[in-house]
Every structure is written in C-alpha cells, then in structure tokens.
2 protein chains.
Amino acid sequence: MHEEPLFDKLTLIGLGLIGSSIARAARTHCAVRKIAALDSSPRVLARVRELEIVDDASGDVEQALGDADLVILCAPVGACGAIARDIAPHLKHGAILSDVGSVKGSIVKAVAPHVPPGVRFVPAHPLAGTEYSGPDAGFATLFKNRWCLLTPIDQAAFERDHSNADNVAPSLSQRAPHAENDAVDALAEFWKRLGAKVEVTTPEHHDLALAITSHLPHLIAFNIVGTADHLEKVTESEVIKFSASGFRDFTRIAASDPTMWRDVFLNNKGAVLEMLSRFNADLAALQRMIEVDDGEGLFDLFTRTRAIRRGIVEQGQDTAAPDFGRPHEKA
Amino acid sequence: MHEEPLFDKLTLIGLGLIGSSIARAARTHCAVRKIAALDSSPRVLARVRELEIVDDASGDVEQALGDADLVILCAPVGACGAIARDIAPHLKHGAILSDVGSVKGSIVKAVAPHVPPGVRFVPAHPLAGTEYSGPDAGFATLFKNRWCLLTPIDQAAFERDHSNADNVAPSLSQRAPHAENDAVDALAEFWKRLGAKVEVTTPEHHDLALAITSHLPHLIAFNIVGTADHLEKVTESEVIKFSASGFRDFTRIAASDPTMWRDVFLNNKGAVLEMLSRFNADLAALQRMIEVDDGEGLFDLFTRTRAIRRGIVEQGQDTAAPDFGRPHEKA
Ligand SMILES: NC(=O)c1ccc[n+]([C@@H]2O[C@H](COP(=O)([O-])OP(=O)(O)OC[C@H]3O[C@@H](n4cnc5c(N)ncnc54)[C@H](OP(=O)(O)O)[C@@H]3O)[C@@H](O)[C@H]2O)c1
Ligand SMILES: NC(=O)c1ccc[n+]([C@@H]2O[C@H](COP(=O)([O-])OP(=O)(O)OC[C@H]3O[C@@H](n4cnc5c(N)ncnc54)[C@H](OP(=O)(O)O)[C@@H]3O)[C@@H](O)[C@H]2O)c1
C-alpha cells in the first residue's frame, strides 16, 4: 500500500466530485507527497479545508502552482481554456498539466494554445462518476477498476498547425517528443495508482466512443424524463410512484450536473449529432416494427441486445446482482 | 408474521420470475395454506419441484385448479387468452382469477370472454421485476414496497358490450357487482400481505401510465443498445469497456426477456406509439438546441429533470446512494 509517491506535489483546480475524489484517492494510495487545491468558489475551498482532504486550500495561486509537478484541471469543460490561460504564467518548467474533461477535442483546442514551453500537456478522462457534484460527493474508490483514457497530442504539430492562429504564442516552438512520452507514462502510472485501468487513444476517437457510451445515453435520459414531465394524461405523481418499472434508471442519469452536461453537448456537438442521427434511424425502424406487428423482428432485436449486457457483466463493468443489487429488505 | 392465511389454495400458472416470486412471498408471509403450480414447460415444473417452493407441481390440471380459491396467470401476456380458455372448465365456482401481465387492456380483451359465471376476474400488475427470468430468478422480497396495480373491470358491462362478439359465451349474463368488489378487496389484501402497496385504476389508464414509466424506457434502451451494436467507428469491445459512463444502465434494461417485451409492445401498441411520438418531438427540439448552441435551453431542461429524480428518491422508489449503491471496493 505505501509505495513511493509518484509526484512531489499535485495541484487540483476545481474540487467537485472528480477533483475531490482525486484528492482522496491520491492520499489513500500515497500517490503524491503534497496536494494543493484551487477553486473559483471560496465556499468550495472553505469546505475542502473542513474536510481536510488536501494540504493547502488557501487559494493562493502562486503557492499552489509554483512548485506543482502535476496540475489537473477538474472544472467544467467550458471553463478549462480560460483557466489554462490564467495559470500558464505560474506553472513550473517540467510540470505536467492534465485535465479530466468529458470531452477531449475541444479541451485540446482550448487549452493547448496556452501551454507554455517546458510544460507537458496530457489530456485525460477518467470514466467514473455519479449523479452528485461538489466536494462532499467525492470518495476515494471512485476510480477503482474504471477506465481512464489518456489522449496525448503532438504539441509540436499542434503548434505548427495553429501557428497562424491569433491565440497561439508564436514563441512556443520546438519540443522534444520523448518528453511528451515520459509525461504520458508518468500520468498513466498516477491513474493506475488510484486504481484505474489506463488506455491511450486520440482526442477524436475518444469523443466518438464517448458520444455513444456516455453522451447519447445522457441525452436520451434527459429527454425521456423531460417528456414525462409535461404529459397531461399521466400525472407527475404517477410517474414518480410507478418509476421502478424502468423509468427510475433514466432519472439517475438525468439528475447529473446541468453545467457539466450543457458543456459536454456544446463541446462534442459533431459526434453527438452523428450518433443521434443513427439512433433516430434505428428508432424509426423499431417504431415501424411495432406498427406492423413484426413480433419476430422485435424478438430478434431484443435477443441481440441481451448479449451486450452479458459482455458488460463479464468484464466486471457492472454487478450481476438483480436490480443492480439494490437493497430488497429481507422479510 | 404468522397471520391467518387469506386463501386456502393459490394456483400459479407460469412459474418464471414473477410466478416463482409470488410462490416464495406467499409462503414467507403465510398468505395462503397451499400452493399449486402449472406451467407449459415440464422443465420448469421439474425445477419448481427441486426448489420446493410450492406444494403441488405435479402438473395435474384438475388437481391444481379444481379447489383453487385464487388462480394467477403469470405467463407472457400473449399467452394469457389461450390459457384462460383452457382452464375455464376447471375453475371452481367462487374462485378469483387474476394475472400479472404488464399490459392490461389487451389481457382484459383476451381473458374476460372466457371467464365462467361465478368466477371473478380481477386483472393485476405488480410493478416489480429484474432483468432475469425463470423459476431460479425469483425471490420472496421482490414485491416489498413496490406498487401493485389492480384494474378491475365491470364484467357485466363487458359482457353487454361484447355480447355480439363471436368469442363471448352469451350465457354469461347477470353478475352481482358487490361480488366483484369483494374480489378486488381480497386480492388487494393478498398483495399487501406480500409487501406491496396497492392502487386501483382502469386498464386504459394503467396502459397509458405504464407506456411512459416502463414501456417507452425499455423501447429506448433496446434501441440505443441496438445502435451501439452496429457502429463501425467504435468497436463493440470499446462500448463494453467504456459502458460505465452511462450506457451500462441502459444495458440492464435492454437485457430483459425478449418474449415478454415483444408481447408488451404488440399489446400496448397505441399508448406506446403515442408516448413515442411525444418523445420524438421533444428529442427533435433538444437536437435543435444543440445545433444552435442554445446552452441556456439545455441548462434549463437538465435542471428540470433533476427535480423528478429527487421526487423518486424521496418517495423511496430508489436509493440515494451514489451509483445506485453499486459496490465500490474499499481501498
Ligand atoms: N461527474 C462526472 O460523472 C464526471 C466524470 C468524468 C469526468 N468529469 C469531468 O470532470 C470535470 C468536473 O466535473 P465534476 O462532476 O467534478 O463537477 P463539480 O462537482 O460541479 O465540480 C466542479 C468544480 O469546479 C469548480 N469550478 C467551476 N469553474 C471553475 C473555474 N473557472 N476555476 C476553478 N474552479 C472552477 C466548481 O465550483 P462551483 O461549484 O462553485 O461552480 C466546482 O467546485 C468536468 O470537466 C467533467 O466533464 C465528470
Ligand atoms: N419480468 C418483469 O419485470 C415483470 C414485471 C411485472 C410483470 N411481469 C409480467 O409477468 C408475466 C411473466 O413474466 P416473467 O418475467 O415471470 O417471465 P418468465 O420468467 O419468462 O416466466 C414465464 C413462465 O411462463 C411459462 N409459460 C409460457 N407460456 C405458458 C403457457 N402457455 N402456459 C403456462 N405457462 C407458460 C414459461 O415457461 P417457458 O420458460 O418454458 O416458456 C415461464 O416458466 C408476464 O405477463 C409479464 O408481462 C413481468
């Protein structure tokens, strides 16, 4: 359990569900020697001090960032560009900058231009969360056995491609590719220490894969809960009472943080709309099967969807207990 | 715990998840003195004998039905009409006939014409289930704190309305309404004894309410899992690996029994298609918000959907534990 720390100092920016879970998990697993926290909200920082989950939650930017070896942005996706711009002057040479945003392409576009020479930027996304937010919602085992995707970019190529863009400092030029590789390896070790399984992919592929495994399911859940909310023939109290018959599982997803999800849909628009149009085409076909009483077609589809579930339970991504292992009181 | 039994003999037809759970719960709560089981599948009956959850699983129809006070059809919705026709001659005068089908209007249409004079038919639907089927999947606490909807019909009126239909025996005529009321009360007591909360409504309203709280959520879950199954750009192994980010919760629903769900959609077509068309209209509006970067509109919708979730947790229809209380190993 008490292995050598991987970094001397970790600084987390945004101490909500994810940020505070990283703080707790990093301590539990001795992943770093010291942890500092920054947050735009003094209320959050005050709560973090009460919870005693970091060493420095004073909010002093220079103190928090000046000697940090690993800095992780844990704020909403839409805020990360401005945060990167603001903290850039305070980052130490050799530091690794990362994030946990649920979208990667737009984070790269927003953050990379501000990364100073000598700082290695490695975008990341831990696939773990709950429907709660804020520093009280976090817990040390959130990342255990979950995947964390790293989407490293070729910073040198990025700068070449964007060297005419207004927001790229033209001085940022030659970078050693091996330094980037070392940073990816070091960040991978960090996430493994927190209990996660790590996979490396591109920002573009990440955004496509997450559009189907996360963003579209959330969109659909928000939508169906919205539909139920404005029916005249069925009251809201009936919807709530009878929710255990299926609807309930959508409401947890649809209770997720509105700020986070607004940012996700605005920042992964292309991939989400692509997956949505496939979903719509499939739904039209399914609707047609019902209209024409195609029992065999329905049966075949429902049999295929069972197989995917089996794969998920086998790979340990969910429990095989009935009803998700929800408590059924013993009689 | 050991109260007076409510019925002398209960006979269950179809010993799958629901039927075998009723058997277990009725025993645990001493709701009846004896239980008999019938099933079209000898394999199921053999397993029921091994499990020793009923007193008579011999499969002898006359023996099972001749002296039964309460007979509950627990077979797929599409099978109930034929079962009612076949068992009608064996039902004793004064018996209550019920069912557990997830759709009520079509069950009434299929079963009521076969109900002999002197037998009271009270359709019911316990809103409880898991994604598993068969006699091994059942458990005694399945109905605890769940709703059971009773949808009594005016059998006399039903017969008047359908007296010209081919499949209604014209001899079935005058019935005493108070006998029907007694049967509803008796069945309500039975379900309460099993731990359920009971509500009485009409078959039509049941089918509309369940279309939004159960049938549409299942349809959507089957559909999105189907969409994920045939993408070229994202592999199935990626979908399975990254499922914990939202998709996973849909796969449990989409793993539900194909026969049961085929029957539900074919038998509640009207209400399901009505809810689906509202869902589609809402989804088109949501898609438009994403297309035009309407962050405020998205934020407002996502904030409203959160409130419904709170109602469900407050009414005890779900746990407030993060991630549904799924086990997160302690570090
Ligand atoms: N929740 C999930 O399921 C999940 C999973 C994986 C990744 N993520 C990603 O993790 C990130 C954070 O999500 P979360 O669920 O942890 O959200 P959260 O609980 O709402 O926490 C976000 C924190 O960042 C703070 N913040 C907002 N703007 C800031 C700024 N400009 N500078 C510094 N701090 C700022 C917030 O303060 P205020 O509360 O005062 O605004 C809050 O304390 C997002 O990028 C999200 O995409 C989330
Ligand atoms: N599962 C749920 O979540 C849920 C919730 C509430 C209500 N319901 C309703 O409960 C009923 C049963 O569902 P379930 O989940 O318990 O299904 P299940 O586990 O598949 O059990 C159905 C049982 O009925 C048997 N059966 C099929 N046709 C029959 C026939 N003609 N005569 C006698 N037995 C027959 C089946 O045998 P074979 O296996 O050999 O076919 C099986 O043993 C359905 O009407 C469903 O709508 C289900």
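Residues numbered from 1 in each chain as written. Chains lettered and ligands numbered in written order. Predicted model: local features only at pLDDT ≥ 70, side-chain atom pairs only at ≥ 80, totals over all residues. Heavy atoms only, no water.

### Points about the overall build of chain A
Heads up, the condition is: Here a helix means four or more residues in a row that DSSP labels H or I, a strand means two or more in a row labelled E, and each is numbered from the N terminus. Radius of gyration: C-alpha atoms only; globule rule: 2.2 Å multiplied by the number of residues to the exponent 0.38. Only heavy atoms enter the contact rule, under which two residues are in contact if any of them lie within 4.5 Å. Per-residue accessibility takes into account occlusion by the displayed protein chains alone, with areas from the Shrake-Rupley method and a 1.4 Å probe. In summary, the charge assignment counts Lys and Arg as positive and Asp and Glu as negative, without counting His or the chain termini. Here the site of a charge means atom NZ of a Lys, CZ of an Arg, CG of an Asp or CD of a Glu.
When helices and strands are counted, chain A shows 13 helices and 8 strands. The C-alpha radius of gyration computed for chain A amounts to 22 Å, which stays within 12% of the reference 20 Å derived for 331 residues, consistent with globular compactness. If one aligns the C-alpha atoms of chain A with their principal axes, the spans along those axes are about 65 × 55 × 40 Å. Across chain A, contacts joining residues at least 24 apart in sequence account for 76% of those joining residues at least 6 apart. Carbon and sulfur atoms provide 52% of the accessible area of chain A, an area that totals close to 12600 Å². Side-chain charges of chain A comprise 34 positive and 45 negative groups, with the mean position of each set lying 3 Å from the other.

### Thoughts on the relation of the copies chain A and chain B
Rules: To superpose the copies, least squares is applied to the C-alpha atoms of every residue with a pLDDT of at least 70 in both.
Of the transformation placing chain A onto chain B, the axial shift is 0.0 Å and the rotation is 180°, giving an RMSD of 0.0 Å. Expressed as an axis order, the relation between the two copies is that of a two-fold axis. An overlap of 100% is found between the interface residues of chain A and their copies at the interface of chain B, pointing to a shared contact surface.

### Looking at the site of ligand 1
All names here are of chain A. For clarity, the cut-off: Throughout, the term near means that a residue has one or more heavy atoms lying within 4 Å of the molecule or strand in question. Counting of polar contacts relies on pairs of N or O atoms within 3.5 Å, with two restrictions inside protein: one atom must be capable of donating a hydrogen and the other of accepting it, and residues adjacent in sequence are counted only when both atoms are side-chain atoms. Ten residue types, Ala, Val, Leu, Ile, Met, Phe, Trp, Tyr, Cys and Pro, are classed as nonpolar, four, Asp, Glu, Lys and Arg, as charged, and the remainder, Gly among them, as polar.
Neighbouring ligand 1 are 28 residues; Leu 17, Ile 18, Asp 39, Ala 75 and Ser 102 lie closest to it. At a separation of 2.8 Å, an oxygen atom of ligand 1 approaches a polar side-chain atom of Asp 39. Here a nitrogen atom of ligand 1 and a backbone polar atom of Ser 40 are 3.2 Å apart. Within the complex, 81% of the 890 Å² of free accessible area of ligand 1 lies under protein. Looking at the shell around ligand 1, the elements that each hand over two or more residues are helix H1 (17-28), helix H2 (42-51) and strand S6 (124-126). Of the residues that constitute the shell around ligand 1, the class distribution is 15 nonpolar, 11 polar and 2 charged.

### Digging into the site of ligand 2
All names here are of chain B. Looking at ligand 2, there are 28 residues lining it, with Leu 17, Asp 39, Ala 75, Ser 102 and Gly 134 nearest. For ligand 2, an oxygen atom lies 2.8 Å from a polar atom in the backbone of Ile 18. In the model, an oxygen atom of ligand 2 is placed 2.6 Å from a nitrogen or oxygen of the Ser 102 side chain. Notes on ligand 2: free accessible area 890 Å², of which the protein chains cover 81%. Grouping the amino acids of the shell around ligand 2 by side-chain chemistry returns 15 nonpolar, 11 polar and 2 charged.

### Some points on the domain arrangement of chain A
Frequently, the measure chosen for interface size is the accessible area that the parts lose on association. Residue and element names in this part refer to chain A. To keep it simple, the criterion reads: In this document the domain limits rely on a domain assignment from an automatic tool or a database. When two parts are brought into contact, each loses some accessible area as probed by a 1.4 Å sphere; the total of that loss over both is the buried area. When a carboxyl oxygen of Asp or Glu lies within 4 Å of a side-chain nitrogen of Lys or Arg, that pair is called a salt bridge.
By domain assignment, chain A separates into domain 1 (7-201) and domain 2 (206-315). For domain 1 and domain 2, the distance between their C-alpha centroids amounts to 31 Å. Facing the 17 residues of domain 1 at the interface are 14 residues of domain 2. Ranking the residues of domain 1 by area buried against domain 2 places Ser 102, Val 103 and Glu 131 at the top, with a combined share of 42%. Between domain 1 and domain 2 we count 1 salt bridge in total. When the shortest N-O distance is used, the salt bridge between Arg 252 and Glu 131 registers 3.3 Å. Applying the counting criterion to the domain 1 and domain 2 interface returns 7 residue pairs in polar contact (both at pLDDT 80 or more). For the side of domain 1 that touches domain 2, a count of residues per class yields 6 nonpolar, 9 polar and 2 charged.

### Quick notes on the sheet that holds strand S4 (residues 96-99) of chain B
Neighbouring strands of a sheet are bound in pairs by backbone hydrogen bonds; such pairs are parallel or else antiparallel. Residue and element names in this part refer to chain B. Put simply, the test is: For two strands to pair, DSSP has to find at least two bridges joining them. Note on definitions: angles span 0 to 180 degrees between N-to-C directions of axes, and those axes are lines fitted to C-alpha atoms, for helices only across the stretch in contact.
Strand order in the open sheet formed by 5 strands is S2-S1-S3-S4-S5, with parallel pairing between adjacent strands. Where the open sheet ends on each side, the last strands, each with one partner, are strand S2 (32-38) and strand S5 (120-122). Here the strands of the sheet are splayed against their neighbours by 20° on average, with no regard to which way each runs. Of the strand pairs in this sheet, strand S1 (residues 7-13) and strand S3 (residues 70-73) are connected by 4 bridges, and their pairing is parallel. Within the sheet, the bridge partner assigned to Leu 12 lies in S3 and is Ile 72. The strands touched by helix H4 (residues 80-87) within the sheet are S1, S3 and S4, with S3 carrying the most contacts at an inclination of about 150°.

### Here's the deal with the state of the cysteines
All names here are of chain B. As a reminder, the rule being used: By disulfide we mean two sulfur atoms from cysteines, separated by a distance within 2.5 Å. A simple rule labels every residue: compare its accessible area, found with a 1.4 Å probe on the protein chains alone, to the largest value its type can have, and call it buried under 20%, exposed over 50%, or partly exposed in between.
Applying the stated rule across the entire model yields 0 disulfides over all chains. With no disulfide of its own, Cys 80 lies 8.4 Å from the sulfur of Cys 74, the closest cysteine sulfur. Judged by its relative accessible area of 1%, Cys 80 is buried.

### Some words on unusual backbone geometry
A positive phi angle is found at Cys 30 of chain A, which is not glycine, with a value near 50°. Mapped onto the elements, Cys 30 of chain A comes out in the loop between H1 and strand S2 (32-38).

### What about the sheet that holds strand S8 (residues 197-200) of chain A?
Residue and element names in this part refer to chain A. Across the sheet, 3 strands lie side by side as S6-S7-S8; this open sheet has mixed pairing. Looking along the sheet, the strands with just one partner apiece sit at the ends: S6 and S8. Neighbour-to-neighbour, the strand axes of the sheet open up by a mean angle of 20°, direction not taken into account.

### Quick word on the side chain of Thr 151 of chain A
Within the secondary structure, Thr 151 of chain A is located in the loop between strand S7 (147-150) and helix H6 (155-161). In contact with Thr 151 of chain A, other than residues within four places in its own chain, are Lys 104, Pro 123, Thr 201, Thr 202, Pro 203 and His 206 of chain A.

### A short note on the interface of chain A and chain B
Chain A puts 113 residues into the contact, and the matching count from chain B is 113 residues. For the pairing of chain A and chain B, the buried interface totals around 11200 Å² over both sides, and the portion due to carbon and sulfur atoms is 66%. Per-residue buried area on chain A facing chain B is highest for Phe 242, Phe 302 and Ile 308 of chain A; these three make up 6% of the total on that side. Here chain A and chain B share 16 salt bridges between them. The shortest N-O distance in the salt bridge between Lys 241 of chain B and Glu 199 of chain A comes to 2.5 Å. The interface formed by chain A and chain B holds 39 residue pairs in polar contact (both at pLDDT 80 or more) in total. Listed by contribution, the elements that provide at least two residues to the side of chain A that touches chain B are S7, helix H8 (203-229), helix H9 (236-241), helix H10 (247-253), helix H11 (258-267), helix H12 (269-291) and helix H13 (295-314) of chain A. With 21 residues, H8 of chain A is the single largest residue contributor to the side of chain A that touches chain B. Residues belonging to the side of chain A that touches chain B are distributed by class as follows: 53 nonpolar, 30 polar and 30 charged.

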